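Summary of the model geometry
What follows is the residue order along each chain.
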Amino acid sequence: MVLFPELPFARVANLLSFLFLLMSFLLIIRNSLSAQVRMFAVQSGVLSALAAVVAHFGGSRELFGVAVLFAFIKVIVIPRVLTRAVSKIGIQRAVAPYLGTSVTLGICAGLVVVAFYVMAPVMESNRLPTADGIPLAFAGVLIGFFTTVNRRRALTQILGFLMLENGIFMVALLATYGVPLIVEMGVFLDVLVAVLILEVFVYRIKHNFDSIEVSQMGALRG
Amino acid sequence: MMLLLLLSIPAMASGLISLSRKRRVMEWIHASASVGALIVGGVLAVGIRDGAPVSSWDILRADALSAFMIMIVAFVGAVAGIYAIGYTRLEFDDGHIARVRLFYALFQLFVFTMLLAVTTDNLGVMWVAIEGTTLATVFLVNIHDNHTGLEAAYKYLIISSVGIALAFMGTVLMYYAATAQVGEIGLSWTSLIGIAARLDPKIVKLAFVFILIGYGTKAGLAPMHTWLPDAHSEAPAPISALMSGVLLNVGLYALMRFKAVTDITHAGLFERRAHRDHSAWIGLRWVLGYAWRAVPYGESRAGQIHALFAFRQHPAQVPHHGDSRRAWFDESGAMDRICLSLRNSRSAGFAAIRSVHQRVHHFPRQFCGAFCCLCGDRYRSAHLGFRGNARKRESHVVWASIGGTGVR
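Residues numbered from 1 in each chain as written. Chains lettered and ligands numbered in written order. Predicted model: local features only at pLDDT ≥ 70, side-chain atom pairs only at ≥ 80, totals over all residues. Heavy atoms only, no water.

Turning next to the overall build of chain B. Within chain B, the secondary structure is distributed over 17 helices and two strands. Buried residues in chain B amount to 62% of all 408 residues. Expressed as a percentage of contacts within chain B between residues at least 6 apart in sequence, the contacts between residues at least 24 apart total 77%. For chain B, the exposed surface amounts to about 15,300 Å²; the carbon and sulfur share of it is 63%. (Helix = DSSP H or I, 4+ residues; strand = E, 2+ residues; numbered from the N terminus. Buried < 20%, exposed > 50% of the residue type's maximum accessible area, 1.4 Å probe, protein only. Contact = heavy atoms within 4.5 Å. Areas by Shrake-Rupley, 256 points an atom, 1.4 Å probe, with all protein chains shown as cover.)

Along chain A, the regular secondary structure elements total eight helices and zero strands. Counting from the amino terminus, helix and strand elements in chain A follow one another as α-α-α-α-α-α-α-α. Among the 222 residues that make up chain A, the fraction classed as buried is 56%. In chain A, of all internal contacts separated by at least 6 residues, the share reaching a separation of at least 24 is 77%. Just so you have it, chain A exposes about 8,700 Å², and 67% of that area is on carbon and sulfur atoms.

Residues and elements named next belong to chain B. For helix 8 (residues 201-219), with 19 residues, the first-to-last C-alpha span of 25 Å sits near the 27 Å given by 1.5 Å per residue. For helix 8, the buried fraction is high: 14 of the 19 residues fall into the buried class. The first or second residue beyond helix 8 is Gly 220, which carries a positive phi of 75°. (Expected span 1.5 Å × (residues − 1).)

With that out of the way, let us pick up a nonpolar patch on the surface. All names here are of chain B. Among the surface-exposed residues, Met 2, Leu 5, Val 35, Ile 39 and Val 43 lie close enough to one another that they form a single nonpolar patch of about 400 Å² accessible area. Every element with two or more residues in the nonpolar patch is listed here: helix 1 (2-19) and helix 2 (23-50). Within the secondary structure, Val 43 is located in helix 2. (Patch = residues over 30% accessible without salt bridge, like charges linked within 9 Å, V, L, I, M, F, W, Y side chains within 5 Å. Salt bridge = Lys/Arg side-chain N within 4 Å of Asp/Glu carboxyl O.)

Once that is clear, we can look at helix 7 (residues 154-176) of chain A. Residue and element names in this part refer to chain A. The terminal C-alpha atoms of helix 7, which comprises 23 residues, lie 33 Å apart, in line with the 33 Å expected from a rise of 1.5 Å per residue. In terms of burial, helix 7 is largely enclosed, as 23 of its 23 residues are buried. Positive phi appears at Tyr 177, one or two residues downstream of helix 7, with a value of about 60°.

On to the packing of aromatic side chains, then. Throughout the structure, instances matching the rule amount to 10 aromatic pairs over all chains. For the ring pair Phe 138 of chain A and Phe 210 of chain B, a centre distance of 5.7 Å and an interplane angle of 90° mean the geometry is edge-to-face. Of this pair, Phe 138 of chain A sits in helix 6 (residues 134-150) while Phe 210 of chain B sits in helix 8, which puts the two residues in different chains. Considered together, Phe 138 of chain A and Phe 210 of chain B belong to a single accessibility category, that of buried residues. The rings of Phe 70, Phe 169 and Phe 188 of chain A are connected pair by pair, giving a single aromatic cluster. (Phe/Tyr/Trp six-rings, centres within 6.5 Å; stacked < 30°, edge-to-face > 60°.)

This part covers the interface of chain A and chain B. The extent of an interface is frequently quoted as the accessible surface area lost upon association of the parts. The interface of chain A with chain B comprises 46 residues on the first partner and 52 residues on the second. Summed over both sides, the interface of chain A with chain B buries roughly 4,300 Å², with 76% coming from carbon and sulfur. Linking chain A with chain B are zero salt bridges. Along the contact surface separating chain A from chain B lie two residue pairs in polar contact (both at pLDDT 80 or more). Of all the secondary-structure elements, those providing two or more residues to the side of chain A that touches chain B are helix 5 (120-125), helix 6, helix 7 and helix 8 (181-209) of chain A. Across the side of chain A that touches chain B, the residue classes tally to 31 nonpolar, 10 polar and five charged. (Buried area = accessible area lost by both parts, 1.4 Å probe. Polar contact = N/O pair within 3.5 Å; in protein donor to acceptor, adjacent residues only side chain to side chain. Nonpolar A, V, L, I, M, F, W, Y, C, P; charged D, E, K, R; others polar.)

This brings us to the side chain of Ser 17 of chain A. Residue and element names in this part refer to chain A. Here Ser 17 shows up in helix 1 (residues 8-29). Judged by relative accessible area, which is 0%, Ser 17 ranks as buried. Excluding residues that lie within four positions of it along the chain, Ser 17 makes contacts with Leu 50, Gly 133, Leu 136, Met 170 and Leu 174.

Moving on: the confidence of the model for chain B. All names here are of chain B. For chain B, per-residue confidence averages 69 on the pLDDT scale, and 63% of positions sit at 70 or higher. Considering each helix and strand of chain B separately, the mean pLDDT is smallest for helix 12 (residues 302-309), with a value of 32, and largest for helix 4 (residues 97-119), with 89. Across residues 290-328, confidence stays below pLDDT 50; counting only partners more than four residues off in sequence or on other chains, it has 64 contacts. Under the prediction, the complex receives an ipTM of 0.86, its pTM being 0.79. (pLDDT = per-residue confidence, 0-100.)

Glancing now at the side chain of Ser 34 of chain B. Residue and element names in this part refer to chain B. One can find Ser 34 in helix 2. You can call Ser 34 buried: its relative accessible area is 5%. Setting aside chain neighbours within four positions, we find Ser 34 in contact with Gly 77, Ala 78, Gly 81 and Gln 108.

Structure representation (structure tokens):
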């Protein structure tokens, strides 16, 4: 229930939320890894812009700092790390997902519908002008999750995980104007460290299996 | 203040170890930190038992449940820590000093993150700490840098991180439910439990689903448990002990904190129906887990279940895998019982008491971690022969059997 839909704040927030989801879709239909990494960087850029908008209209200086830090980590540092990994590994051929592009798109469209259904109680009770974007953010979470399980390449799985993280950050942003600063800092730290560790693992997988397709690793049956 | 001291011991030890060059220095720091944490943790736990919860600033807080967890972490940490010294001497010679440093530093970091997870009042910090346990252990799983270790570690990292991310989603929703009622709450558990009765039941239920899947991943609940047997069997024996003895409990601890809030929120209007709703999740999981654990032991129906879960490798096929895997099955059995008792319990307080009782009751099984040490020893002696002199071997056996007293 948005109380003041005519406010520019609500409109800008909605626009950015749609752009966010658009980037998720563009990411999943792209085939080359470097294009996927670029899409992720653009998505993170949209998200940090959204955080800055919310900080401006919500009058929170703390959140402004979070937006800047978010942009630094997810638009600059992490895409750089991933681009470096892509160029070092040096294979650019088509990514092999378990499902084809059209099926994937269909499933992701279904996930958007599911997101609207699941987030209905949150939308109902939320009185912030940003409430309309919540299901879109949650759709981003679901699509990220789906990408992680659908793709065979370690790097794309990492991108799926990062999209999932972006979506959660956005849900928090739209529903509550962000979680407390100390938690946000901890989450950024964890994500950054996770990506750095995963990068090392991508190199090791490439070195050991001469491929970054995770389906090559099948010795253990957990 | 005691809480701060407790946390600073492993944190400082981790830092000091990564700076030191000599093996003996590392071992001394490691051993004294392990024992020191046990002593401080013991003093703290006794103090909490007699009095009120301890807290410092707004972030750290320990009540009776935390005290119990502190004792488990510190005790298993100390036993596994001292055992680890002999283990690494056998495993890595002086040519691999960098790996030894990595091992000890990450070991202490692992203990630190677990202690932080059980002593913090802030649910967000708890999440950060639990994700930290994954990040601290992932290189330990792959410390031998071989194919299977790599596979196990990658699987562990990606499944745990994604699972834990879902738990963060749940935490955000819980935070939203609270801020919708009272404005700023700073995401602390004490304030959340204070207003639990006024929270929106629908949102809390939604949040709890995410929490259950997310922290359930860390506690090794099906269907997000697939990282567990591999990571346990590939990790060095002392780490394996800490994982099955403590790490799963930390995941469950997080789950219990949220369950206490959910129970209060749903206690009013919806009581029975709502309770059944979310306990159905745990019940389903219990049935699944039972079927799953039947796999390695099952005789006639095993084939069907194998096909169902694509569990193609019999644990007994690979001796070293088999032992730690079997330990995991015992562990998983204990987890099942705890979940079941959580399901049956009606109120929050009762839930805590029941499950703690269950844990004490199944104390031996909780200590199958020590059993992992024994397995590790058996594996080492079988595969590596008696490298190192006889006295070293003896001290191994002594430590392993001290740990092993927990098994029976």
